[in-house]
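# Results of the structural survey
Each chain, letter by letter, is given below.
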Amino acid sequence: MAETAQSLEDLKNVTEGEGAAVELEPITAEPKIDEHGRSYGTGRRKSATARVWLKPGSGKITINGKDQDEYFARPVLRMVLEQPLIEADRRTQYDVIATVKGSGLSGQAGAVRHGIARALVNFEPELRRTLKPFGFLTRDPRVVERKKYGRAKARRSFQFSKR
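For the structure given in this document, a descriptive report is provided here. Quantities reported herein were computed from a predicted structural model and do not represent experimental measurements.

What counts, and where the lines are drawn
Residues numbered from 1 in each chain as written. Predicted model: local features only at pLDDT ≥ 70, side-chain atom pairs only at ≥ 80, totals over all residues. Heavy atoms only, no water. Helix = DSSP H or I, 4+ residues; strand = E, 2+ residues; numbered from the N terminus. Buried < 20%, exposed > 50% of the residue type's maximum accessible area, 1.4 Å probe, protein only. Polar contact = N/O pair within 3.5 Å; in protein donor to acceptor, adjacent residues only side chain to side chain. Contact = heavy atoms within 4.5 Å. Expected span 1.5 Å × (residues − 1).

### Some details on unusual backbone geometry
- A positive phi angle is found at asparagine 64, which is not glycine, with a value near 50°.
- Within the fold, asparagine 64 resides in the loop between strand S3 (61–63) and strand S4 (66–67).
- Note on asparagine 64: relative accessible area 33%, which makes it partly exposed.
- The backbone of aspartate 89 sits at a positive phi, close to 60°, despite the residue not being glycine.
- Relative to the assigned elements, aspartate 89 resides in the loop between helix H3 (75–87) and strand S5 (94–101).
- Relative accessible area serves as the criterion here: at 60%, aspartate 89 is assigned to the exposed category.

In structure tokens, the structure reads:
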């Protein structure tokens, strides 16, 4: 049976000795692409959940069967959607098809953004280094605080009446 190292010096001798020239290769992630040439990402924000498919194309973004300009009328929400694609410099290279449910328009835009970022990483794993510092791969944990009993809302008290 092999000898066991009893101290740090023994461990140093084992690593410097013969057979220690084993080089470790960096682990590279494989692209996750389905039989239709698409990659998938799930995005979440507040109580919204988005299912996002990414495929090579001209840059068209479709949400719940509608064009992004029709679904998200506010330019700020469209800007939020495109952030991961712009930072990865892939704005006109991929078509995005998303279905989103729950929450309001702001939460849905954040969920689609999260899903696009995850789908991009599944399609091109090396983009993780580009998207991670901007926080696109992190699910925003902020949600609405629940209403408490004896209160009008989560924290607001009922109006005080002196008489």
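### Things to note about the side chain of arginine 90
- Structurally, arginine 90 can be placed in the loop between H3 and S5.
- Overall, arginine 90 belongs to the buried group, its relative accessible area being 17%.
- Of the polar contacts made by the side chain of arginine 90, one reaches the side chain of glutamate 124; its length is 2.8 Å.
- The contact partners of arginine 90, leaving out residues within four places of it in the chain, are Leu85, Leu120, Glu124 and Leu127.

### Some points on the environment of arginine 78
- Note that arginine 78 resides in helix H3.
- Residue class for arginine 78 comes out buried when judged on its relative accessible area of 19%.
- Sequence separation of arginine 78 and isoleucine 61 is 17 residues, and the distance between their C-alpha atoms is 9.8 Å.
- In contact with arginine 78, not counting residues within four places along its chain, are Gln68, Asp69, Phe72 and Ala73.
- At 2.8 Å, the side chain of arginine 78 forms a polar contact with the backbone oxygen of phenylalanine 72.

### Side note on helix H4 (residues 105–123)
- With 19 residues, H4 should reach 27 Å at 1.5 Å per residue; the first-to-last C-alpha distance of 26 Å fits that figure.
- Most of H4 sits inside the fold, with 15 of its 19 residues counted as buried.

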